[in-house]
Amino acid sequence: MSKMLFVLSVMAFYNIFLALFISVEMGKVYGQSQEYSLSDIVSNMSMRLDRMELAMKDKDKKIEQLEYRLKRVAPTTPNAVAFRAYMTATTAYAKRQVVIYNHETLDIGNGYNPRDGLYFVPSTGTYVITWITVPNYNDYVQTLLVVNGAVVGSSFSDSEEIHDIHQSTGIVVLNLSKGDHLFIRVGSTKHGVIQSDDPRSKSAIAGWKLF
Ligand SMILES: [Ca+2]
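What you see is a predicted model; the values in this text were computed from it and never measured. (Residues numbered from 1 in each chain as written. Predicted model: local features only at pLDDT ≥ 70, side-chain atom pairs only at ≥ 80, totals over all residues.)

Colleague: Before we move on, can you summarise the overall build of the protein with the specific residues and values?
Modeller: A count of helical and extended segments in the protein gives 1 helix and 9 strands. Buried residues in the protein amount to 19% of all 211 residues. Taking the intrachain contacts of the protein between residues at least 6 apart in sequence as the baseline, contacts between residues at least 24 apart amount to 69%. (Helix = DSSP H or I, 4+ residues; strand = E, 2+ residues; numbered from the N terminus. Buried ≥ 20, exposed ≤ 12 C-beta atoms within 10 Å, placed from the backbone. Contact = placed C-beta atoms within 7 Å.)

Below, the structure written as structure tokens:
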């Protein structure tokens, strides 16, 4: 009986040992597979981040190159309009006479005529019109911007009480339609001539279409 008990005890001990051994080994394998899996994920994410970082650097470089090219290439607008002309000599104008800026330096849109000082609007849009008037010493002159016969802007240059030049600049932003015409004319207040001999400042007109 005791021998039987001994054999049973040995068998039970063996079974317990076997179960423990298997569970420990399986635990090792399981643990290792968990470890590999996490490591793989981290490694994979790290590689992806590296690739994304490289791609972003590449895109940054391309954006930088495009910005550089944009700075070098002048914008081209099919409907661009701009003009500028100035007076080449000091001229005596009567009251209400149209001022003629006889030297055209720019006329994109072909709207300005340097022979009569009239500007015909080549395309409808919002425009900036500006003009500089330089009075002679001790002179004064009012100049007006006239569009389709209506005064829409005024500027007054006044050196009356001093032997000095006090030029004035008028600037008007307005909507214009194709075919409208405009010019600068002398107002009802004036004394003397409009100067344009001095290279330091010339009487001029300029305009451009904003949009
Ligand atoms: Ca012209």
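Colleague: Go over the sheet that holds strand β5 (residues 140-147), please, and point to the residues and values.
Modeller: Spatially, the 4 strands line up as an open sheet ordered β3-β8-β5-β6, and their pairing is antiparallel. The outermost strands of the open sheet, each flanked by one partner alone, are β3 (119-120) and β6 (150-158). Two elements, β5 and strand β8 (residues 181-191), share 7 bridges in a ladder whose sense is antiparallel. Bridging across to β8, V147 finds its partner in L182. (Pairing = 2+ DSSP bridges.)

Colleague: An account of the sheet that holds strand β7 (residues 168-176) is needed here, citing residue identities and associated values.
Modeller: The strand order β2-β1-β9-β4-β7 describes an open sheet built from 5 strands, whose pairing is antiparallel. Because the sheet does not close on itself, it has two edges, and the strands there are β2 (103-108) and β7. For this sheet, the mean inter-axis angle between neighbouring strands, taken without regard to orientation, is 10°. Pairing geometry for strand β4 (residues 125-133) and strand β9 (residues 204-209), over 6 bridges, is antiparallel. Of the residues in β9, the one forming a bridge with V128 is W208. (Axes fitted to C-alpha atoms, helices over the stretch in contact; angles between N-to-C directions.)

Colleague: Break down the nonpolar core for me, citing the residues and quoting the values.
Modeller: L145 and I184 are the most contacted members of the largest nonpolar core, which has 24 residues in total. At the level of elements, β1 (82-86), β4, β5, β8 and β9 are the ones that each hand at least two residues to this core. Ignoring sequence-local partners within four residues, the contact set of I184 consists of V99, G117, W131, T143, L144, L145 and I205. (Core = buried A, V, L, I, M, F, W, Y, C linked by C-beta atoms within 7 Å.)

Colleague: How would you summarise the pairing of β4 if you had to cite specific residues and measurements?
Modeller: Here β4 pairs with β7 via 9 bridges, running antiparallel. In the strand pairing of β7, I129 is matched with V172.

Colleague: Give a description of the environment of E161 that names residues and reports values.
Modeller: Among the secondary structure elements, E161 is positioned in the loop between β6 and β7. Here the alpha-carbon distance between E161 and Y137, two residues 24 residues apart in the chain, equals 9.0 Å.

Colleague: Before we move on, could you go through the environment of T124 and cite the residues and values that matter?
Modeller: Residue placement: T124 occurs in the loop between β3 and β4. For the pair T124 and D180, spaced 56 residues apart in the sequence, the C-alpha separation amounts to 8.9 Å. Apart from residues lying up to four places away in sequence, T124 is in contact with L176, S177 and K178.

Colleague: Describe in detail unusual backbone geometry, supporting the description with residues and values.
Modeller: Apart from glycine, the bulk of residues carry a negative phi angle, and the bulk of peptide bonds sit in the trans form. In this model, R96 sits at a positive phi of 70°, which is unusual for a non-glycine residue. Checked against the element boundaries, R96 lands in the loop between β1 and β2. At N138, a position not held by glycine, the phi torsion is positive, near 60°. Counting through the fold element by element, N138 comes out in the loop between β4 and β5.

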